[in-house]
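# Close look at the chain arrangement
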Amino acid sequence: MLFICSDPTAPAYVAAEDNIVEWGAEMEVRGVARHGDRLRPVEDATTVRVRGGEVVVSDGPFAETKEWIAGYDVIAWADLDEAIEVASKHPTARFGKIEIRPVWPLGL
């Protein structure tokens, strides 16, 4: 899975350089794209915890941070080198950052 993240230390977002449609089309043609989407801003987040048997609900993100997950893409990759190459082509890699994390099936 690719987590598409903001990065306050990166260069500013430039809409003209956002080629997400081209990136998505290339990943579809290559057969690596499975699913992806944007996420609503952190202001729209709700966090749920259970503490002492009680459900605790709070507004906002799960952590106090200037970075946040803006979206995700599920890809199929042969190896980490291919995942890095795919992530490096994502437009957000230029003005944010991409975290690659393998899915860990539950085995149910």
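The helix and strand inventory of the protein stands at 3 helices and 6 strands. Along its sequence from the N terminus, the protein presents helices and strands in the succession β-α-β-β-β-β-α-α-β. In terms of overall dimensions, the protein has a C-alpha envelope of 50 × 40 × 20 Å along the principal axes. Of all 108 residues assigned to the protein, the portion counted as buried reaches 21%. Once local pairs closer than 6 in sequence are excluded, the contacts in the protein between residues at least 24 apart make up 74%. Summed over its atoms, the accessible surface of the protein is roughly 7800 Å², and 58% of this surface lies on carbon and sulfur atoms. Taken together, the 11 basic and 19 acidic charged side chains of the protein have centroids lying 3 Å from each other.

Axis separation between helix H1 (residues 20–30) and helix H2 (residues 80–89) bottoms out at 10 Å; the angle between their running directions is 150°. Compared by their axis directions, H1 and H2 come out roughly antiparallel. Contact residues: H1 offers Trp23, Glu26, Met27 and Arg30, while H2 offers Glu82, Glu85, Val86 and Lys89. Grouping the constituent residues of the contact of H1 with H2 by class yields 3 nonpolar, no polar and 5 charged.

Attention now moves to H2. Residues of H2 that are buried: Ala83, Val86 and Ala87. Buried residues of H2, viewed axially, fall in a sector of 100°; they line one side. Sitting at the head of H2, Asp79 places a side-chain oxygen 3.2 Å from the backbone nitrogen of Asp81.

It is worth spelling out the layout of surface pockets at this point. Each pocket or cavity is described by its volume, and for the largest pocket that value is around 510 Å³. Lining the largest pocket are 22 residues, and of these Ile4, Arg38, Ala70, Gly71 and Thr92 sit closest to its centre. Contributing elements (two or more residues each) for the lining of the largest pocket: strand S1 (2–5), strand S2 (33–38), strand S5 (69–75) and helix H3 (92–95). Its residues placed into classes, the lining of the largest pocket shows 10 nonpolar, 6 polar and 6 charged.

Per the counting criterion, the structure on display carries 1 aromatic pair. Ring centres 4.6 Å apart and planes at 80° place the aromatic pair Tyr13 and Phe95 in the edge-to-face group. In this pair, Tyr13 is assigned in the loop between S1 and H1 and Phe95 in helix H3, connecting sequence segments 82 residues apart.

Rules and cut-offs
Residues numbered from 1 in each chain as written. Predicted model: local features only at pLDDT ≥ 70, side-chain atom pairs only at ≥ 80, totals over all residues. Heavy atoms only, no water. Helix = DSSP H or I, 4+ residues; strand = E, 2+ residues; numbered from the N terminus. Buried < 20%, exposed > 50% of the residue type's maximum accessible area, 1.4 Å probe, protein only. Contact = heavy atoms within 4.5 Å. Areas by Shrake-Rupley, 256 points an atom, 1.4 Å probe, with all protein chains shown as cover. Lys, Arg positive; Asp, Glu negative; His and termini not counted. Charge placed at Lys NZ, Arg CZ, Asp CG, Glu CD. Axes fitted to C-alpha atoms, helices over the stretch in contact; angles between N-to-C directions. Parallel < 35°, antiparallel > 145°, perpendicular 65-115°, else oblique. Nonpolar A, V, L, I, M, F, W, Y, C, P; charged D, E, K, R; others polar. Arc of directions from axis to C-beta. Polar contact = N/O pair within 3.5 Å; in protein donor to acceptor, adjacent residues only side chain to side chain. 1 Å grid on protein atoms, 1.4 Å probe; cavity = no way out; pocket = protein on both sides within 12 Å on 5 of 7 lines; lining within 4 Å. Points joined across faces, edges and corners; volume = space filled by probe spheres on them. Phe/Tyr/Trp six-rings, centres within 6.5 Å; stacked < 30°, edge-to-face > 60°.

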